[in-house]
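Summary of the model geometry
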Amino acid sequence: MEWVETTGKTVEEAKEMALDILGVDYIDAEFEILEEPKSGFLGLSKKLARVKARVKPTAPRAKDTRRPRKRKVRDESEKPKTVAASPVAETTVSKATEPTTDEKPRSNVRSSESGGGRAAGKTSSRSSNRVPKKSSVETNEENEPEMEPESMSLAEQATVAQNFLAGILNEIGLEGTVAVQGIEDETINISVTGAELGLLIGPRGTVLSAVQDMTRTVVQRNSGGRSGRIVVDIDGYREKRRVALEAFARKLAEEVRDTGVGKVFEAMSSSDRKIVHDVVGTMEGVKTRSEGYEPRRYVVVEPLTEETPEQAQAE
Amino acid sequence: MSTTEPLDHKESDETEEELAVSVLRYLASQVVDDPNAINIKREISDDGKLHLTLQVADDDMGKVIGRKGRVAYSIRTIVRAAGAREGLDASVEIVER
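Residues numbered from 1 in each chain as written. Chains lettered and ligands numbered in written order. Predicted model: local features only at pLDDT ≥ 70, side-chain atom pairs only at ≥ 80, totals over all residues. Heavy atoms only, no water.

Notes on the confidence of the model for chain B
All names here are of chain B. We apply this condition: For every residue, the predictor assigns a confidence score, pLDDT, that lies between 0 and 100. Any two residues whose heavy atoms approach within 4.5 Å at even a single point are treated as in contact.
Model confidence for chain B is summarised by a mean pLDDT of 87, while 85% of its residues fall at 70 or above. This model gives residues 1-5 a pLDDT under 50, and the stretch forms eight contacts once residues within four places in sequence are excluded. Low confidence marks residues 9-15, where pLDDT is under 50. Its contacts with residues over four positions away, or in another chain, come to four contacts. Model confidence for the complex: the whole-complex pTM is 0.63, and ipTM, which rates the interface, is 0.84.

Below, the structure written as structure tokens:
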């Protein structure tokens, strides 16, 4: 994981700056304070706060120490990512199923896993996941850690998230499909598709954000605190939003460049701000920065003039 | 001693409950340690708004509120959306026992 370094008048400001670069939420980031801000005599000279930040890694290394002597048994079963990414699991919620049990929403949910991604080459060690007792010595390594909640695999976390989301659909009485799209870079991508899901997206994606936050909370609770990043999308909203936001940012930045007058975006999440920074960053003659504090932090686009006094000094 | 207290139902129970209520119960049950201690009171004000009051076990208060109130905010947002599906303006208050 790459670290980024930022500065700010306060530690908080430096942290928010870092979130813009990383494009993740506060809780998905890990910070290290390099320097506290200091104000000199009468506040005449100032030293900025410096922090280091990165996207929080999900698998803490320390866990490996638990079974040191079995280490050499491991072979290809060592790569959890390939296991996780291949099968696309789908959970379908259908209202047509019998409403007999009301306090157990999961009973209405059919969970099926299509082992499609398994076709090529590799032998499937995943199929034995569900029956730990019967599993052979080779797959032992893979199954054992799953008993401990804090080392829940990303694939299992994805299942928890999937069940939780299916439960929401079920409770609200919406029909839809909850699918794990894939697990990459310690990020679990889950999509919800179906009819009438606009309600779960909400104005400017506010409900979607709440659903995603809640999903992460539930997964963290089940996994003993650690979890991968979880991105929930409903009916492709995030992708549509990204495309629209990129186009809008480009248009606004062109205006700034042509008129020489800076413009301000409305407050956005860190992931949205990153989209703006990234797209404007590829353009000539403009620059971006963020101002304000979460959740009202926003991006400012400014014309980039070569001969500003500050820059001349900086040279 | 800490049991789920039934809501004021008219006669038939399952169908009476608003979506907002069942969604709130579901969300709360997913984050607390003691789901049996969840208690939801509902009240409809004169202007037709649905006011829900959520109580959980003392030890679970922090879980339904979350860091910087984030979980509480998410719960409220989702419950409001569920209410809207039935044309209801639903709000959630989380109170201590």
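Description of the interface of chain A and chain B
What counts is decided by this rule: Two parts placed together each lose some accessible area under a 1.4 Å probe, and the buried area is that loss summed for both. Salt bridges, as used here, are contacts in which a Lys or Arg side-chain nitrogen is within 4 Å of a carboxyl oxygen on Asp or Glu. Polar contacts, as used here, are pairs of N or O atoms within 3.5 Å; protein pairs need one atom able to donate a hydrogen and one able to accept it. Residues neighboring in sequence count only if both atoms are side-chain atoms. The helix count covers DSSP runs of H or I at least four residues long, the strand count covers runs of E at least two residues long, and both are numbered beginning at the N terminus. Each residue receives one of three labels: charged for Asp, Glu, Lys and Arg, nonpolar for Ala, Val, Leu, Ile, Met, Phe, Trp, Tyr, Cys and Pro, and polar for the others, Gly being one of them.
Between chain A and chain B, the contact holds 25 residues from the first and 22 residues from the second. In total, about 2100 Å² of surface goes out of reach between chain A and chain B, with carbon and sulfur atoms giving 61% of it. Scanning the region where chain A abuts chain B turns up four salt bridges. For Asp25(A), the salt bridge goes to Arg70(B), with nearest N and O atoms at 3.5 Å. Taken together, the connections running from chain A to chain B amount to nine residue pairs in polar contact (both at pLDDT 80 or more). Elements supplying a minimum of two residues to the side of chain A that touches chain B: α4 (154-172) and α6 (206-222) of chain A. It is α6(A) that provides the largest number of residues to the side of chain A that touches chain B, a total of nine residues. A breakdown of the residues in the side of chain A that touches chain B according to their chemical character gives 13 nonpolar, five polar and seven charged.

Quick look at helix α1 (residues 19-31) of chain B
Residue and element names in this part refer to chain B. For clarity, the threshold we go by: Expected helix span is given by 1.5 Å per residue-to-residue step, counting one fewer step than there are residues. For the exposure calls, accessible area comes from a 1.4 Å probe over protein chains only, and a residue counts as buried if that area is under 20% of its type's maximum, exposed if over 50%, partly exposed in between.
Compared with the 18 Å implied by 1.5 Å per residue over 13 residues, the 19 Å span of α1 between its first and last C-alpha is a close match. Taking burial as the measure, the 13 residues of α1 include eleven buried ones, the bulk of the element. Of the residues making up α1, those classed as buried are Leu19, Ala20, Val21, Ser22, Val23, Leu24, Tyr26, Leu27, Ala28, Gln30 and Val31.

Re the sheet that holds strand β13 (residues 298-303) of chain A
Hydrogen bonds between backbone groups are what pair the strands of a sheet, and the pairing can be parallel or antiparallel. Residue and element names in this part refer to chain A. Let me state the cut-off plainly: Here, any two strands with at least 2 DSSP bridges between them count as paired. An axis is simply a line fitted to the C-alpha atoms; with a helix, the fit covers only the stretch in contact. Between two such axes, the angle follows the N-to-C directions and lies from 0 to 180 degrees.
The strand order β11-β13-β12 describes an open sheet built from three strands, whose pairing is antiparallel. Edge strands, defined here as strands with exactly one partner in the open sheet, are β11 (263-264) and β12 (286-291). Here β11 runs beside β13; their pairing, made up of two bridges, is antiparallel. In the strand pairing of β13, Lys263 is matched with Val301. Of the strands in this sheet, β11, β12 and β13 are in contact with helix α7 (residues 237-259), which crosses β13 at around 35 degrees.

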